[in-house]
Amino acid sequence: MNRFLIIPLLLLSLLPGLAAAQDPELHPEKSKREQRYADAFPPGVRTIACISPAWYPADEYHRRGVELLKKSGCRIKVMPHAFDRPPKGQRSAPLESRLEDFYSAWNDPEVDMIICIQGGRGSADLLAALDWKKLKKRDNLFFQGYSDITLITAALLAKGYGRPVGGPMAGTLVGLQQDSIEEMRAMHHGEQVGPVPVEKMKGGDCSGLAFTGLLRRLATASQTDYCPSMAGRIVFIESVTSSPEIMRKDFQILLDRKFFDGASGVVFCHFSRCGTPAEVDVLLKAFASKLSVPVYRGFPFGHLPDIYTIDFSRRVEIRDSRVTFPAVKGP
């Protein structure tokens, strides 16, 4: 073989792995088992709609994730504009297309659950243009995503629409660890999750409904009219690709906006690509000292392959530095 072709061919063979390394939502695939997501979603879910409300899902991992969903036993509806290429120089499909998909998926009576394909950026302009009067009040419609999608799940909770869930998106499913798949199934089936050991930073035991989100997007949400109340909730916080200085500013915004008023507790999750471990440690300890509620760290949620699923309708307890979601009678 011509030696000048060897390096390009090697690079092509490594593209999926390189993409997973560059995009914090994507992780190398460890298992080729097609049926790994069978029975992983709520028992009443028959049809799942896939949408891209933020960035264009450009990587093959995103399409691979949709294919895995199709093997789950649920009917999968990929919305018409989910894989529309964005205009030159942009990362998101036109706003009108993303809004159309959002309305269509939400109001489709056959759809029991919506799973986002990709995060990135773009949820903010979608929410700014969203006409809530065009959405049916569907209390049992699951809506799952994380990262930038934090803005949407927070807004849904604040407005009382659907059943928001912080959890893996289609692209994330490809490299999700097996224990996280099993936890997602348990969460969606109303089974007990945990106990998961965490490190106590401040205070004692606590309990309440769960909430989770990306630090940067929580800071944004706290300055809008779709910021949900954290009263009676345990707040799980993660961060990715933020410098310690930016995170410090975001934490201060949350404090200034009284985001944690009435909260039962705070749990720091994954802080990936956010400076050195020592810098993150100093930051989290400083922030924990400013809170008046129990604070813990080390729960598996965020931009790593061990991302757990957190249903905002599920109750969570922290006892003796262990996080447990008690079993419920229904999903």
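Residues numbered from 1 in each chain as written. Predicted model: local features only at pLDDT ≥ 70, side-chain atom pairs only at ≥ 80, totals over all residues. Heavy atoms only, no water.

(A) Main features of the pattern of salt bridges. This model, assessed by the stated rule, comprises 13 salt bridges. One salt bridge in this structure joins Glu-67 and Lys-70, with 3.4 Å as the shortest N-O distance. Here Lys-70 and Glu-67 lie together in helix α2 (residues 60–70), a separation of three residues that amounts to about one turn. On the basis of relative accessibility, which here comes to 36%, the residue Glu-67 falls in the partly exposed class. When salt bridges that share partners are traced, they join Arg-75, Lys-77, Asp-108 and Glu-110 into one network. (Salt bridge = Lys/Arg side-chain N within 4 Å of Asp/Glu carboxyl O. Helix = DSSP H or I, 4+ residues; strand = E, 2+ residues; numbered from the N terminus. Buried < 20%, exposed > 50% of the residue type's maximum accessible area, 1.4 Å probe, protein only.)

(B) Structural context of the pairing of strand β5 (residues 163–166). Both faces of β5 are covered, namely the face carrying Arg-163 and Val-165 and the face carrying Pro-164 and Gly-166. Bridging between strand β4 (residues 142–145) and β5 involves four bridges; their strand directions are parallel. Residue pairing for β5: Gly-145 is matched across the bridge by Gly-166. For the crossover from β4 across helix α5 (residues 150–159) to β5, the handedness is right-handed. By the bridge criterion, two bridges tie β5 to strand β12 (residues 310–311) in an arrangement that is antiparallel. (Pairing = 2+ DSSP bridges. Right-handed = clockwise from strand over helix to strand, strands pointing away.)

(C) Seen up close, unusual backbone geometry. Gly-194 connects to Pro-195 through a cis peptide bond whose omega is 10°. Here Pro-195 lies in strand β6 (residues 193–197). Positive phi is not limited to glycine here, since Ser-147 has a value of about 60°. Here Ser-147 is to be found in the loop between β4 and α5.

(D) Region of interest: the sheet that holds strand β2 (residues 75–78). One open sheet accounts for six strands, arranged β2-β1-β3-β4-β5-β12; its pairing is mixed. The open sheet has two free edges, formed respectively by β2 and β12, since each of these has just one partner strand. Here four bridges tie strand β1 (residues 47–51) to β2, and the two strands are oriented parallel to one another. Residue pairing in the sheet places Cys-50 in a bridge with Val-78 of β2. Together, β1, β2 and β3 (113–116) form the strand contacts of α2, whose direction differs from that of β2 by roughly 150°. (Contact = heavy atoms within 4.5 Å. Axes fitted to C-alpha atoms, helices over the stretch in contact; angles between N-to-C directions.)

(E) Region of interest: the state of the cysteines. Applying the stated criterion across every chain, the model contains zero disulfides. Cys-74 carries a free sulfur, and the closest cysteine sulfur to it, the one in Cys-50, is 10 Å from it. In this structure Cys-74 comes out as buried when scored by relative accessible area, which is 13%. As a non-bridged cysteine, Cys-116 has Cys-50 as the owner of its nearest cysteine sulfur, 9.1 Å distant. (Disulfide = S-S within 2.5 Å.)

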